[in-house]
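# Descriptive structure summary
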Amino acid sequence: MTAAQVVDRYRAQHEAFARNGGARVPEWVRALRAGALARFTELGFPTTKQEAWRFTSVQGIAETAFAHGATGEVPAAKSIERLELCEARRHLAVFVNGCFSALLSSVSGLPAGVRVSSLADALARDPELVERHLARYARLEDNAFVALNTAFVQDGAFVYVPEGTVMEEPVQLLFLTAPGSEPTVSHPRSLVVVERTARVSVVETYAGQGDGVYWTNAVTEIMVGDGARADCYRVQRESERAFHVATTQSWQGQGSVLSFHPVVFGAALSRHDIGAVLDGPGGLCTLNGLYLLAGRQHADHHTTIDHARPHCESHEYFNGVLDDQSRGVFNGRIIVRRGAQRTDSKQTNNNLVLSEEARADSQPQLEIYADDVKCTHGATLGPIDQRALFYLKSRGLSPDEARSLLTYGFGAEILERMEIAPLRVQLERLVRARLLRRARARRAP
Amino acid sequence: MLQIKNLHASVDGNEILRGVDLAVNIGEVHAIMGPNGSGKSTLAQVLAGHPAYNVTEGSVLYEGRDLFEMDPEVRAREGMFLAFQYPVEIRGITNAYFLRSALNAIRKHRGQEELDPVDFLGVLEEKLKVIGWDDSLMNRPVNDGFSGGEKKRNEILQMAVLEPRLAVLDETDSGLDIDALKTVASAVNKLRRPDNATIVVTHYQRLLNYITPDYVHVLSGGRIVKSGGKELAHELEAKGYDWLKAEPAVA
């Protein structure tokens, strides 16, 4: 199939979408979609000839005929419990195949003015509010996946916290794919707006049911106003044959705080572009990520932290654990704009490579246009540290126990920075289950 | 408890130990002193089973058994403990979790029940009380971001919890100021019992002001060239090592 044929398929899909389900939206949304589709048509899917996609081929996505707007079996309420945080049930929004499910969601007890809803609903009720923020942060001009997501923008999560409001309980967003008989695609689009001095925690989870092929093409935009704070967690647990492509773009005002914690367990192929713009003095941004890969999994993280104003701080920590024939790619770009003096930026990417066939690629990319800045970066990749292994053995641990403890520590180092205890416990359990599965597989002949 | 006979060991083809003989009995404290490069740390590492060192000749019996038949973890479970000169940092694992894992590995080996976190906390508090320390190191990742003194203190803390029969302290005094040295030495003294033994490896005599050895040995050129009582340490302090006419030291 030629690139033009691939694009034509999505154009046809878009035509049907614009006629049917996507029709009842304000004019500006229709215009946004049309512009995005035009941009996607120009860009096409990226190839490995493009620098930003050198290590990650999306040929598998381009060549698969994904059906849009699939109506697979709606999962039973029972089956989503394992994906929830037990103590955070009041602000739970569930999306199935990209569409809000009123049946599975439970949103109650929201403070005055706070909105946790579907984007489709917000477009109907608060079009002006949505218009002020939607597609204002994630650029579609140079990312075909953002363009495609925007061309199909219709539903996803909308979280709005008005000025000065502090949310006690985390907001939970669950994006579930229940694939039908043929491969399907969904384009969930989420918007998190935290106004001045407000505060919220948001947990996004992406998961799939069954073992079918599907593709999630997600975009989340996060706006953190002056003096506001957002703690955002993202757990990617797509099923084994899934494709997951995502962009998370944040914008921060003066003196604001954002922490973003993406954790990757699932999908055959995943690519996550994380962009953070520090656009007011005194902002703090922390990116704290973990990818745990096995089999033939491939996960690619491209992060860009843009220090646009002076006196901002960014801390970036990404750890990868790579087993079997898996591959992890990390590209960490840091831009310090002219005038962004007193920038303090720190980046680390550590990869634990457990098998000779696994591979990690790590690339820092610093672009500094100011002179009074502090920027450090460091990357490691390699097998388990033999010194540490001997140290643990000398305390009585078997080689297997020692290896598994050291591997766990690699993940735990990232999880420790997460402040929501039930989420941390859930993730620790997932990391342990992964290690156990590995230990069992090793023992089997 | 420990009989070392004619021990030769090499690393990367360089022979470092060239016939060490040493016997340590239960209840005793032995100090092994010597100039830099004499093989002191090599001896400590060989006893713990570090894979970089090749034993080329000789034998070591630990409680009547061939030490070299035991893997490092088995030596540890059988009561041997090495306080590392350079403790290793382990990110993401708290000291408490690490110590409980180690203690449980040893308990399992002895046929004792494993301890859950609550029971472990009880054991830990008791040990901390014995050595008079607080639990400030326990919830930090193992040695990660510890100062030099904290790392050394952490080794002794592990020793207190794991209750070894034979402890080998490898240059535990290096890098410690006088207050830290006293704290560490006092803890080691409190852990001394009639049914255990300690080997203190040190370059300087000053640690032996606080931990009184029963025997002092001078290791030079990979062999023990002189042995004596605690007064030998004072003699070394006054005269240095040169008068012992050591064979050329090994780097």
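Residues numbered from 1 in each chain as written. Chains lettered and ligands numbered in written order. Predicted model: local features only at pLDDT ≥ 70, side-chain atom pairs only at ≥ 80, totals over all residues. Heavy atoms only, no water.

## Concerning the domain arrangement of chain A
All names here are of chain A.
- On domain assignment, one finds that chain A holds domain 1 (3-280) and domain 2 (385-445).
- Between the C-alpha centres of domain 1 and domain 2 there is a distance of 32 Å.
- In this assembly, 16 residues from domain 1 lie in contact with 11 residues from domain 2.
- Buried area between domain 1 and domain 2, both sides added, is near 1,200 Å², and the carbon and sulfur share of it is 70%.
- Our enumeration of links across domain 1 and domain 2 arrives at one salt bridge. (Domains from an automatic or database assignment. Contact = heavy atoms within 4.5 Å. Buried area = accessible area lost by both parts, 1.4 Å probe. Salt bridge = Lys/Arg side-chain N within 4 Å of Asp/Glu carboxyl O.)

## Focus: the packing of aromatic side chains
- For the structure on display, the rule yields 20 aromatic pairs over all chains.
- On the numbers, 5.2 Å between centres and 50° between planes, the contact of Phe17(A) with Phe152(A) is tilted. Of this pair, Phe17(A) sits in helix α1 (residues 3-19) while Phe152(A) is found in the loop between α6 (144-151) and β6 (157-161), placing the two residues 135 residues apart along the sequence.
- The class for Phe152(A) is buried, based on a relative accessible area of 3%.
- Arranged with centres 4.8 Å apart and planes meeting at 85°, the rings of Tyr391(A) and Phe84(B) form a pair that is edge-to-face. A residue pair is termed interchain when its members come from two chains, as with Tyr391(A) in helix α7 (residues 386-393) and Phe84(B) in the loop between β6 (80-83) and α3 (95-109). For the pair Tyr391(A) and Phe84(B), a shared accessibility class is recorded, and that class is buried.
- Ring-pair connections join several aromatic residues into one group, and the members of that group are Tyr10(A), Phe40(A), Phe45(A), Trp53(A), Phe66(A), Phe145(A), Trp215(A) and Phe243(A).
- We note Arg417(A) situated over the ring of Tyr317(A); from NZ or CZ to the ring centre the distance is 3.5 Å. (Phe/Tyr/Trp six-rings, centres within 6.5 Å; stacked < 30°, edge-to-face > 60°. Helix = DSSP H or I, 4+ residues; strand = E, 2+ residues; numbered from the N terminus. Buried < 20%, exposed > 50% of the residue type's maximum accessible area, 1.4 Å probe, protein only. Lys NZ or Arg CZ within 6 Å of the ring centre and 35° of its normal.)

## Examining the layout of surface pockets
All names here are of chain A.
- Taken as a whole, the largest pocket spans an internal volume of roughly 860 Å³.
- Looking at the lining of the largest pocket, the elements with two or more residues in it are α6, β13 (243-252), β15 (269-278), β17 (298-307), β19 (327-336) and β21 (359-368).
- With six residues, the single largest contributor to the lining of the largest pocket is β15.
- Here the residues of the lining of the largest pocket are counted per class, giving 13 nonpolar, 12 polar and eight charged. (1 Å grid on protein atoms, 1.4 Å probe; cavity = no way out; pocket = protein on both sides within 12 Å on 5 of 7 lines; lining within 4 Å. Points joined across faces, edges and corners; volume = space filled by probe spheres on them. Nonpolar A, V, L, I, M, F, W, Y, C, P; charged D, E, K, R; others polar.)

## Remarks on the environment of Glu235(B)
All names here are of chain B.
- By secondary structure assignment, the location of glutamate 235 is in helix α7 (residues 231-239).
- Owing to a relative accessible area of 28%, glutamate 235 belongs among the partly exposed residues under this scheme.
- Sequence separation of glutamate 235 and glutamine 205 is 30 residues, and the distance between their C-alpha atoms is 9.5 Å.
- Not counting residues within four places of it along the chain, the set of residues in contact with glutamate 235 comprises Gly240 and Trp243.

## Here we look at the interface of chain B and chain A
- Contacts between the two partners involve 32 residues from chain B, matched on the other side by 24 residues from chain A.
- Around 2,200 Å² of area is buried between chain B and chain A when both sides are counted, 64% of it from carbon and sulfur atoms.
- Area buried by chain B at its contact with chain A is led by Glu73(B), Val88(B) and Arg91(B), which between them contribute 26% of it.
- Where chain B touches chain A, the interface holds two salt bridges.
- Here Glu155(B) and Arg395(A) are joined by a salt bridge, their closest N and O atoms 2.6 Å apart.
- Inspection of the chain B/chain A interface yields eight residue pairs in polar contact (both at pLDDT 80 or more).
- Elements supplying a minimum of two residues to the side of chain B that touches chain A: α1 (40-48), α2 (72-77), β6, α3 and α5 (148-162) of chain B. (Polar contact = N/O pair within 3.5 Å; in protein donor to acceptor, adjacent residues only side chain to side chain.)

## Side note on the sheet that holds strand β9 (residues 215-220) of chain B
Residues and elements named next belong to chain B.
- With respect to topology, six strands assemble into an open sheet ordered β6-β7-β8-β3-β9-β10, the strand pairing being mixed. Strand pairing shows two members of the sheet lacking a second neighbour, β6 and β10 (223-228), which therefore form its edges. For this sheet, the mean inter-axis angle between neighbouring strands, taken without regard to orientation, is 20°.
- Two elements, strand β3 (residues 29-33) and strand β8 (residues 197-202), share five bridges in a ladder whose sense is parallel. Counted as the bridge partner of valine 29 is threonine 198 from β8.
- Packed onto the sheet, α7 meets β3, β9 and β10 and runs at close to 45° relative to β9. (Pairing = 2+ DSSP bridges. Axes fitted to C-alpha atoms, helices over the stretch in contact; angles between N-to-C directions.)

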